[in-house]
Amino acid sequence: VQLIKDTDGRVTSIVMRKPFDMHHHVRDGEMLKVIAPMLARRFAGGIIMPNTSPPIVTAKQVGDYRKRLLDETGEDFTPLMTMYLTDTLDCDEVMEASKLHDMFGVKYYPRGLTTNSDSGVADPASLWTPGTRPYEVLQTLSRIRRTLLLHAADGFDRTGKELNPYEQEPHFIRETLPRIKDAHPHLKISVEHLSTIEGADYMQSNGDAFLGCSLTSQHLLLDTRDLHRGGFNAHRSWFPIIQGEEHKERLLALAKKGLPFVWLGTDSAPHPVSDKEAACCKGGVMMVHAGIELYAEAFDKAGALANLEDFASKNGPNFYGVQQSNDTITLRRQSWTVLENFSLPVADGADPRSGVVRPFRLGEQVEWQLAA
Ligand code: DOR
Ligand code: ZN
């Protein structure tokens, strides 16, 4: 990494290895076509999330989805495909997909706790209970050295009482993750979009070559005040839920340490405005238009720009065993305004808002800019 400074010692630009986004929802169809070029401009590759509808559960789906994505990004982009862990996911399909189609991991979604999670695992205990299909899949992943990616949230405590949403991740970290690790000691695990103090403390003590985590820029930049200022702000709403300031500060402290098991995952998750400004707002917001720029902002705030390259461009690919990029990108300290919504074709008679996708920070400034 090269940090270029002005006479006051302030970093004005960064030249770094092209990053990898280890958590991205590219969606499918027309949305995919809008997202893919922005993704490939900023990132050399990344983890492609499988919660499309229908979810990605067969080797053929993995191969076809990968091809649809590469048609839009070009072959220079390296998609690390994933499959969706259901209660019936077939181990042979997992092995086949990993052999044929660059399938790097299987994503666990707790049923009902996030967007498109209806097919998710009904009972987290099946992750450590022999005889269940999710258990068998985790055994297979250990054997073929592929990663289990975790949406680390529990919906209920051990007595069956529904949890406060702010407690979902801490509960999972305390009660569920250690059981998975004990049952599958050779399994590689990535805890996705870490969002709490409890998560950060656990990772700091337990992270290693078999256990890592991704961090989003939104969880490093926002806290509950940003979500609720003047009313509920649907266009800043994600799962996991944005937590209080002390959590944000703890995550920034983890990010800035430069630990090898902590990496970038935007969790860019675009939805049409009709699904965001709805009776029940879907979780997820488009981040790809500023997918690396916003991390520069967060690391700058934390005084940790020197560690941005390891976090963004090295740690993720190293963990997943793929080559780092030999390309570089340049980021400049130059603020710009997010000016426009993105549009998709709308079917005749459909809600026009179903063809509008609102990017994060619309009408607001982003402090860093990607050089052309
Ligand atoms: O906010 C989120 N959106 N969190 C997720 O886990 C899923 C994602 C989506 O697919 O929209
Ligand atoms: Zn996600």
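All figures in this text were calculated on a predicted structure; none of them were measured in a lab.

Considerations on the sheet that holds strand 6 (residues 103-108)
Moving on, step 1. Here we have eight strands laid out as an open sheet, ordered 3-4-5-6-7-8-9-10, and parallel in their pairing. One side of each edge strand has no neighbouring strand; the edge strands of this open sheet are strand 3 (20-24) and strand 10 (262-264). On average, adjacent strands in this sheet sit at an angle of 25° to one another, irrespective of strand direction.
Moving on, step 2. Where strand 4 (residues 45-48) and strand 5 (residues 78-85) come together, four bridges link them in parallel fashion. Looking across to strand 5, one finds that Gly46 is bridged to Pro79.
Moving on, step 3. Where helix 6 (residues 197-206) meets the sheet, it contacts strand 8 (188-191) and strand 9 (211-215), and its direction lies at approximately 140° from that of strand 9.

Description of unusual backbone geometry
Moving on, step 1. Omega for the peptide link from Ser53 to Pro54 comes to 0°, which places this bond in the cis form.
Moving on, step 2. Among the structural elements, Pro54 can be located in the loop between strand 4 and helix 2 (59-73).
Moving on, step 3. In this chain, Phe239 is followed by Pro240 through a cis amide linkage whose omega measures -5°.
Moving on, step 4. When you line up the elements, Pro240 lands in the loop between helix 8 (224-228) and helix 9 (245-256).
Moving on, step 5. The residue Asn116 is not glycine, and still its phi comes out positive at about 50°.
Moving on, step 6. When you line up the elements, Asn116 lands in the loop between strand 6 and helix 4 (133-144).
Moving on, step 7. Looking at Asn116, the relative accessible area reads 31%, which means it is partly exposed.

Concerning the environment of Arg146
Moving on, step 1. Residue position: Arg146 is located in the loop between helix 4 and strand 7 (147-150).
Moving on, step 2. The spatial distance from the C-alpha of Arg146 to the C-alpha of Pro345 is 37 Å, given a sequence separation of 199 residues.
Moving on, step 3. Dropping the residues within four chain positions of it, Arg146 is found in contact with Ser98, Met103, Phe104, Leu141, Leu187 and Lys188.

Re helix 3 (residues 91-100)
Moving on, step 1. By the burial criterion, the buried members of helix 3 are Cys91, Val94, Ala97 and Ser98. Seen end-on, helix 3 carries its buried residues on one side only, within an arc spanning 125°. Exposed residues pointing more than 90 degrees away from the buried face of helix 3 are listed as Asp92, Lys99 and Leu100.
Moving on, step 2. Next to the buried residues of helix 3 lie helix 2, strand 5, strand 6 and helix 4.
Moving on, step 3. Looking at where helix 3 begins, the residue whose side-chain oxygen comes 2.8 Å from the main-chain nitrogen of Asp92 is Asp90.
Moving on, step 4. Looking one or two residues beyond helix 3, the residue adopting positive phi is Asp102, at roughly 55°.

As for the coordination of the zinc ion (ligand 2)
Moving on, step 1. Here the zinc ion (ligand 2) is held by the protein donor atoms His23 (NE2), His25 (NE2) and Asp267 (OD), which lie 2.1 Å from it.
Moving on, step 2. When the donor residues of the zinc ion (ligand 2) are listed from N- to C-terminus, their spacing reads H-x1-H-x241-D. Of the two residues, His25 is situated in the loop between strand 3 and helix 1 (29-42) and Asp267 in the loop between strand 10 and helix 10 (273-276); the sequence distance between them amounts to 242 residues.
Moving on, step 3. By relative accessible area, Asp267 is classed as buried at 4%.

Quick notes on the rules
Residues numbered from 1 in each chain as written. Chains lettered and ligands numbered in written order. Predicted model: local features only at pLDDT ≥ 70, side-chain atom pairs only at ≥ 80, totals over all residues. Heavy atoms only, no water. Pairing = 2+ DSSP bridges. Helix = DSSP H or I, 4+ residues; strand = E, 2+ residues; numbered from the N terminus. Axes fitted to C-alpha atoms, helices over the stretch in contact; angles between N-to-C directions. Contact = heavy atoms within 4.5 Å. Buried < 20%, exposed > 50% of the residue type's maximum accessible area, 1.4 Å probe, protein only. Arc of directions from axis to C-beta. Polar contact = N/O pair within 3.5 Å; in protein donor to acceptor, adjacent residues only side chain to side chain. Donors = N, O, S within 2.8 Å, 3.2 Å for Na, K, Ca; no water.

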